[in-house]
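Structure assessment
Listed below are the residues making up each chain.
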Amino acid sequence: MKRLNTQSCERIDRGKSLSFQWQGKSYQGYAGDTLASALLANGVQLVGRSFKYGRPRGIMAAGAEEPNALTTLESGGYHVPNARATQVELYDNMQSIAGSGVPSLHKDMRAWMKPLHRFMTAGFYYKTFKWPQKLWPWYEENLRKFAGFSESPKAIDAERYDHVYHKVDVAVVGGGAAGMAAALAAAETGVQVLLLDERQALGGEIISDCAE
Amino acid sequence: MKYSWLEIFKKGLDGNKDWPQAWPEVSPKSSYDVLIIGGGGHGLASAYYLARDFPGKRIAVLEKGWIGGGNTGRNTTIVRSNYLWDESANLYEHALKLWEGLTQDINFNVMFSQRGVYNLGHTLQDMRDIERRVNANVLNGIDAEVVSAAELKQRIPIMETGKHVRYPVMGSSFQARAGVARHDAVAWGYARAAAKLGVDIIQNCEVQSMEIEGERIKGVNTSRGYIGADQVGCVTAGNSSVLAKMANIRLPVESHPLQAFVSEPMKPVLDTVVMSNAVHGYVSQSDKGDLVIGAGIDSYTGYAQRGSPHLIDHCAAAIVELFPIFSRARINRQWGGIVDVCPDACPIISPIPQVKGLYFNCGWGTGGFKATPGSGHVFAHTIGQDQPHPLAEPFHIDRFTTGALIDEHGAAGVAH
Amino acid sequence: MLLIYCPYCGETREEQEFSYAGEALIKRPDLDATDEEWGDYLFKRKNIKGVTTEQWAHSAGCRKLFVVERNNITNEILNVRTFESIWGEQEA
């Protein structure tokens, strides 16, 4: 386990344990964990593979800016492609697998291309794959297999959604310190304000800052 | 230097340090024989075919931003030639034939993927129109077939054709030789090929006014100085009226925002192109794995390269209705372009009667990308021979006086 | 998404309530116009890049047409007028 000791301000609730599956193995996390924090706590480092050469990748950031931890959640009508592990709130019995790896996270055959990198500079495909002309469709079919992250969902969505239509005077996107202050300032002028945040609670980085 | 496996291999062994620039950075000369204003796909193609078929002419392409930064870099990459009327069908089919040899011709892989295009029909009238258009195509030697709903379900199992949706699919037209191509590669490929034939590609050069003396064009004033020219071809899409104003003329076009968006990349799931006028959306999957989705134009005129969000909303809803499994795919990026729409949904490829030496290639609206090679080729010949190429003749600007409009709203597709 | 003030309803509403109705104040030529003049009237447009004078109809509301001045690069609406007020000005 690679957890920090209990902090004065925490997003996790160490009293509520959750189980989840990653790559077919079972792990434990806490309510308030993201999939990413739960994986890190369990010492899981390899979460993805790079787009071109399939090189091993780990979790690098803490939110929407995370480039590597693209995962696939659930299956069937609940399948979510390309879910960023840093943005997904852990829930009990979450099923997750890596969204990259050709053919799999632990064995990526694109690694054999790495020594050929000098022949595969940016945009190299514009300079080639054009002879003989009749082979282009075959080249393309195979190039496509190397691209893309998660598989597409194959079943119809099991959930139903409703469209909420909301009109306000001011919408503030981001509920951290600056966003909350801006929303407050706007509201104090008497206008209708909507404050939006992608996370499950307001506060942004203030929550972690207070831990220091 | 020809791009090839061998070159990649040789240069790779040598540290990739001697690749020549794809096109050299040059300063504008004081004058040229022909100026092409607009460095998008059509403009660059025009310059290439001019240089190739009319050797000896000094040619420059003037682009106010970076080449391919306008609609060429913003379209949804669809290529097809299944238009209704002879005039347009022949022009787009001419383009399609050029597409089929383009990669080899300009020695640049434009990744033209002939994965077919389906135009769906959701009503009896849709199906009648489809039958008619398919028959017209076949009579013009263009590959086309009518596909039933049952057959569609076999070919594209992930598509919802059932009777319980709001607009059930009744059938479709299909053109097998149609497909998609890599839009940026078309700009870069033509720029490189044109530069190799001596064309000056000049970026960051905005035309600000035209020098016209006694009904003849003399040159243009640009942000990089005055440039003289005997002939000037304007190929600036959404900004065509801006240039027309400099020549004191008005065009029958209006510039509208046209939006598109892509999902995050997924493993291959859709290997063809599906378009629906009725539910207002069309989709394909790029070689990189993203679903590429487009809709109709925003109703108002706009030069902002952005439109209103409810259009994206409706388009996404339409796509999810047709392909329910895509509901959880995430939208990665959304953008807009400026399309110059013509009253008959057909282009203007024409000398301008009021100004000798001035030519316009515009009004392609939402359907320009597919015509890129054909448009460039016939426009080049229209300029080179100072008379409309036979395929361009019907698209003379005079048709808006004679009334000989060519109504392609139906075949123009979703974004008409 | 544009927010447009309807001068008849006296309210600002969302774009979806309206229909864009083209360039405003185009003068129809007399019926003895040449083909050129008639074609110009039917098809040629200023297609201004910048501040346009255009028509909108409040199709989901009062359904009346009115004139809007809008910067079509920034989408800022500068002015909304009824046709009556414009004709009134022209007569004065």
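Residues numbered from 1 in each chain as written. Chains lettered and ligands numbered in written order. Predicted model: local features only at pLDDT ≥ 70, side-chain atom pairs only at ≥ 80, totals over all residues. Heavy atoms only, no water.

A count of helices and strands for chain A gives four helices and nine strands. Moving toward the C terminus, one meets the helices and strands of chain A in the order β-β-α-β-β-β-β-β-α-β-α-β-α. Radius of gyration (C-alpha) of chain A: 22 Å, far over the 17 Å computed for a compact globule of 212 residues. In terms of its C-alpha atoms, chain A occupies a principal-axis envelope of roughly 70 × 45 × 40 Å. The buried share of chain A, taken over its 212 residues, is 37%. (Helix = DSSP H or I, 4+ residues; strand = E, 2+ residues; numbered from the N terminus. Rg over C-alpha atoms; globule rule 2.2 N^0.38 Å. Buried < 20%, exposed > 50% of the residue type's maximum accessible area, 1.4 Å probe, protein only.)

Secondary structure assignment for chain C yields two helices and six strands. Secondary structure of chain C in N-to-C order comes out as β-β-β-α-β-β-β-α. Overall size of chain C, expressed as C-alpha extent along the three principal axes, is 40 × 30 × 25 Å. Per-residue burial over chain C gives 40% buried out of 92 residues. Long-range pairs, those at least 24 residues apart, make up 45% of the contacts in chain C between residues at least 6 apart in sequence. Approximately 5,400 Å² of chain C is accessible, and the part contributed by carbon and sulfur atoms is 47%. Here chain C contributes 11 positively and 17 negatively charged side chains, and the mean placements of these two sets differ by 2 Å. (Contact = heavy atoms within 4.5 Å. Areas by Shrake-Rupley, 256 points an atom, 1.4 Å probe, with all protein chains shown as cover. Lys, Arg positive; Asp, Glu negative; His and termini not counted. Charge placed at Lys NZ, Arg CZ, Asp CG, Glu CD.)

A few words now on the packing of helix α2 (residues 41-53) of chain B against helix α6 (residues 183-196) of chain B. Residue and element names in this part refer to chain B. Contact pair α2 / α6: the axes reach a minimum separation of 9 Å and the direction vectors enclose 25°. Taken as axis vectors, α2 and α6 run roughly parallel relative to one another. Handedness of the α2/α6 crossing: left-handed. When α2 is examined against α6, the residues Gly41, Leu44, Ala45, Ala47, Tyr48 and Tyr49 are found in contact with a partner set consisting of Ala187, Tyr190, Ala191, Ala193 and Ala194. The residue makeup of the contact of α2 with α6, split by class, is 10 nonpolar, one polar and no charged. (Axes fitted to C-alpha atoms, helices over the stretch in contact; angles between N-to-C directions. Parallel < 35°, antiparallel > 145°, perpendicular 65-115°, else oblique. Left-handed = near helix turned anticlockwise from the far one by under 90°. Nonpolar A, V, L, I, M, F, W, Y, C, P; charged D, E, K, R; others polar.)

Time to look at the interface of chain B and chain A. On the side of chain A, 42 residues touch chain B, which itself brings 44 residues to the contact. For the pairing of chain B and chain A, the buried interface totals around 3,800 Å² over both sides, and the portion due to carbon and sulfur atoms is 54%. Among the residues of chain B in contact with chain A, Trp5, Lys267 and Arg328 of chain B are the three that bury the most area, contributing 22% of the side total. At the boundary of chain B and chain A, one finds five salt bridges. The interface formed by chain B and chain A contains 27 residue pairs in polar contact (both at pLDDT 80 or more). Those elements giving two or more residues to the side of chain B that touches chain A turn out to be α1 (5-13), α3 (86-106) and α6 of chain B. (Buried area = accessible area lost by both parts, 1.4 Å probe. Salt bridge = Lys/Arg side-chain N within 4 Å of Asp/Glu carboxyl O. Polar contact = N/O pair within 3.5 Å; in protein donor to acceptor, adjacent residues only side chain to side chain.)

Moving on to the packing of aromatic side chains. Per the stated rule, a full pass over the model turns up 28 aromatic pairs over all chains. Seen from their ring centres, Tyr126 of chain A and Trp188 of chain B are 5.6 Å apart, and the 80° between their planes marks the pair as edge-to-face. Pair noted here: Tyr126 of chain A is in the loop between β7 (94-98) and α2 (136-146) and Trp188 of chain B is in helix α6, and the two residues belong to different chains. Relative accessible area serves as the criterion here: at 28%, Trp188 of chain B is assigned to the partly exposed category. (Phe/Tyr/Trp six-rings, centres within 6.5 Å; stacked < 30°, edge-to-face > 60°.)

So, on to the confidence of the model for chain A. Low pLDDT means the predicted coordinates in that region are not meant to be read closely. Per-chain confidence: chain A averages 92 in pLDDT, with 98% of residues scoring 70 or above. Across chain A, the secondary-structure element scoring lowest on mean pLDDT is helix α4 (residues 206-209) of chain A, at 77, and the one scoring highest is β7 of chain A, at 98. (pLDDT = per-residue confidence, 0-100.)

As a further point, take the packing of α2 of chain B against helix α9 (residues 372-384) of chain B. Residues and elements named next belong to chain B. Contact geometry for α2 and α9: axes closest at 7 Å, N-to-C directions at 50°. With respect to each other, α2 and α9 are oriented oblique. Of the two elements, α2 crosses α9, and the hand of that crossing is right-handed. Across the interface between the two elements, Gly41, His42, Ala45, Ser46, Tyr49, Leu50, Arg52 and Asp53 from α2 touch Thr372, Pro373, Ser375, Gly376, His377, Phe379, Ala380, His381, Ile383 and Gly384 from α9. For the contact of α2 with α9, the class distribution of residues is seven nonpolar, nine polar and two charged.

Another aspect to go through is the confidence of the model for chain C. For chain C, per-residue confidence averages 95 on the pLDDT scale, and residues scoring 70 or more make up 99% of the total. Here the predicted complex carries an ipTM of 0.96, next to a pTM of 0.95.

For the rest of this paragraph, the subject is the environment of Asn75 of chain C. Its place among the elements puts Asn75 of chain C in the loop between β5 (65-71) and β6 (77-81). Discounting chain neighbours no more than four positions away, the residues touching Asn75 of chain C are Tyr300 and Ala304 of chain B together with Leu2 and Arg70 of chain C.

Here Asn109 of chain B lies in the loop between α3 and β4 (117-121). Reaching out from Asn109 of chain B, the side chain makes a polar contact with the backbone oxygen of Tyr125 of chain A at a distance of 3.5 Å. Engagement of the side chain of Asn109 of chain B in a polar contact is seen with the backbone nitrogen of Met111 of chain B, the distance being 2.9 Å. Leaving out residues up to four positions away in the same chain, Asn109 of chain B has contacts with Tyr125, Tyr126, Thr128, Phe129, Lys130 and Trp136 of chain A together with Thr103 and Ala185 of chain B.

Residues and elements named next belong to chain B. Pairing is mixed in the open sheet, where eight strands are placed in the order β5-β6-β4-β13-β14-β15-β12-β16. Whereas interior strands pair on both sides, the edge strands pair on one side only; in this sheet they are β5 (145-148) and β16 (331-341). On average, adjacent strands in this sheet sit at an angle of 25° to one another, irrespective of strand direction. (Pairing = 2+ DSSP bridges.)

Residue and element names in this part refer to chain A. A grouping of Met109, Trp112 and Leu116 is seen on the molecular surface, where their side chains present a nonpolar patch of about 310 Å² in accessible area. Within the secondary structure, Leu116 is located in the loop between β7 and α2. Relative accessible area serves as the criterion here: at 35%, Leu116 is assigned to the partly exposed category. (Patch = residues over 30% accessible without salt bridge, like charges linked within 9 Å, V, L, I, M, F, W, Y side chains within 5 Å.)

With that settled, the discussion passes to the sheet that holds β7 of chain A. All names here are of chain A. Reading across from one edge, β2-β1-β7-β5-β6 is the order of the five strands in this open sheet, with mixed pairing throughout. Looking at which strands have only one partner, the edges of the open sheet turn out to be β2 (25-31) and β6 (80-84). The sheet shows a mean angle of 40° between the axes of neighbouring strands, taken without regard to direction. With three bridges joining them, strand β5 (residues 70-73) and β7 adopt antiparallel strand pairing. Bridge pairing links Thr71 to Ala98 in β7.

As a further point, take the environment of Ala237 of chain B. Residue and element names in this part refer to chain B. Following the sequence through the fold, Ala237 ends up in the loop between β11 (225-234) and α7 (240-246). On the accessibility criterion, Ala237 (26% relative accessible area) is partly exposed. Among residues more than four places away in sequence, those in contact with Ala237 are Asn71 and Asp340.

What follows concerns a negative patch on the surface. Taken together, the side chains of Asp398 of chain B together with Asp30, Asp32, Asp35, Glu36 and Glu37 of chain C present a region of like negative charge at the surface. Following the sequence through the fold, Glu37 of chain C ends up in helix α1 (residues 35-43). The class for Glu37 of chain C is partly exposed, based on a relative accessible area of 42%.

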